[in-house]
Amino acid sequence: MILDSKKALVVFSGGQDSTTCLFWAKKHFNEVYALCFRYGQKHVVEVDIARGIAERAGVPFEEKDISFISDLVSGCSLTDGSIKMDEEKPAESLPNTFVPGRNLFFLSIAAVYAREHGIMNLVTGVSQTDYSGYPDCHDSFIRSLNVSLNLAMDEQFVIHTPLMWKDKAETWALADELGVFDIVRNETLTCYNGIKGAGCGNCPACKLRRKGLENYLKIRKQ
Ligand code: ZN
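Rules of the game
Residues numbered from 1 in each chain as written. Predicted model: local features only at pLDDT ≥ 70, side-chain atom pairs only at ≥ 80, totals over all residues. Heavy atoms only, no water. Phe/Tyr/Trp six-rings, centres within 6.5 Å; stacked < 30°, edge-to-face > 60°. Buried < 20%, exposed > 50% of the residue type's maximum accessible area, 1.4 Å probe, protein only. Helix = DSSP H or I, 4+ residues; strand = E, 2+ residues; numbered from the N terminus. Expected span 1.5 Å × (residues − 1). Arc of directions from axis to C-beta. Contact = heavy atoms within 4.5 Å. Pairing = 2+ DSSP bridges. Right-handed = clockwise from strand over helix to strand, strands pointing away. Donors = N, O, S within 2.8 Å, 3.2 Å for Na, K, Ca; no water. Tetrahedral: all angles 85-135°; square planar, octahedral: opposite > 155°, others 65-115°.

Engineer: What is the right way to look at the packing of aromatic side chains in this model?
Structural biologist: Each aromatic ring pair is described using two quantities: the centre-to-centre distance and the angle formed by the ring planes. Counting across every chain of the model gives five aromatic pairs. Relative to F29, the ring of W24 has its centre 6.0 Å away and its plane inclined at 65 degrees; by these criteria the two rings are edge-to-face. Across the pair, F29 and W24 agree in class, each one buried. Relative to F106, the ring of F37 lies with its centre 4.5 Å away and its plane at 20 degrees, an arrangement referred to as stacked. Taken together, the residues F37 in strand β2 (residues 31–38) and F106 in helix α4 (residues 102–116) connect sequence positions 69 residues apart. For the pair shown, F37 and F106 are each scored as buried. Members of the aromatic cluster, joined through ring pairs, are F37, Y39 and F106.

Spelled out as structure tokens, the structure:
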């Protein structure tokens with residue numbers, strides 16, 4: 001299969017970050033596709049929200065069910081409703097919102113999907129700048145995986161991470177530059193409690209999103 005350098009596949013969840021990446025990809029590539037995963041998340045409403053945003057963006061959308069990955073792990077508050085979510089990052093460990101292997105699975109499956117569809121570019125909204133400390137959001141992991149995927153399939157995929165070095169305020173600024181500030185603000189779902197837009201206001205994802213938004217609005221040109 002010959003991979004087309006003008007095609008991109010966005011790993012898409014319908015959250016602030018991946019939605020910003022979807023529109024970033026539309027600006028930089030001729031053909032953009034969105035791939036969304038059901039991974040056993042408590043709030044499957046995010047898949048419907050993702051589909052709606054992709055439709056609005058005019059991007060073909062596909063979802064894949066890989067919810068078996070939540071059966072592999074215990075103690076994760078994003079996939080197990082009986083576990084109370086860590087409000088703050090524990091000093092010595094990862095927060096229990098960490099889903100081990102999530103981005104490894106997502107990007108590996110995305111690469112196989114991309115190969116089938118002749119897509120060279122993979123886009124993911126991971127960032128190593130913010131709060132969580134998730135190791136599979138780090139630049140070194142993404143670079144390593146890019147090499148591994150190319151070796152595994154003898155291809156020349158390019159993984160793009162437009163948000164890697166941006167904090168949340170800079171991510172809002174990028175959405176604004178791309179002309180999708182209101183869509184990202186009102187239509188995306190970042191909240192760990194499954195509430196669209198500004199969310200519940202109390203979970204770590206909402207706090208991070210709101211702080212970034214407040215910081216950006218202070219410097220936004222009127
Ligand atoms: Zn929330």
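Engineer: Mind showing me how you'd approach α4 here?
Structural biologist: An α-helix turns once every 3.6 residues. As a result, residues three or four positions apart point the same way. Along its 15 residues, α4 runs 21 Å from first to last C-alpha, staying within 8% of the 21 Å computed at 1.5 Å per residue. Taken residue by residue, α4 has R102, N103, F106, L107, A110, A111, Y113 and A114 as its buried positions. Taken down its axis, α4 places every buried residue within 165 degrees of arc, on the same side. Buried residues along α4 sit in contact with β1 (4–11), β2, β3 (61–65), β4 (119–123), α5 (139–153) and β5 (158–160). Note on α4: the residue one or two positions beyond its end, G118, has a positive phi of about 65 degrees.

Engineer: Even after reading the chapter, I still don't get the side chain of N146, so can you show me in this structure?
Structural biologist: You can see N146 is positioned in helix α5. With sequence-adjacent residues up to four places away left out, N146 is seen in contact with F157, V158 and I159.

Engineer: Mind showing me how you'd approach the pairing of β3 here?
Structural biologist: Successive side chains on a regular strand alternate, one facing one side of the sheet and the next facing the other. The sheet contact formed by β2 and β3 spans five bridges and is parallel. Looking across to β3, one finds that R38 is bridged to D65. On the question of chirality, the crossover connecting β2 to the parallel β3 by way of helix α2 (residues 45–57) is right-handed.

Engineer: Would you mind showing me how to read the coordination of the zinc ion here?
Structural biologist: Around a metal, the ideal angle is 109.5 degrees if four donors adopt a tetrahedral arrangement and 90 or 180 degrees if six donors adopt an octahedral arrangement. Within the protein, the zinc ion binds to C191 (SG), C200 (SG), C203 (SG) and C206 (SG); these donor distances fall in the range 2.3 to 2.4 Å. Taken together, the four donor atoms surrounding the zinc ion define angles of 104 to 116 degrees at the centre, an arrangement classified as tetrahedral. Taken in chain order, the donor set of the zinc ion reads C-x8-C-x2-C-x2-C. For C200, a relative accessible area of 24% translates into the label partly exposed. Residue classification places C203 among the buried positions, given a relative accessible area of 2%.

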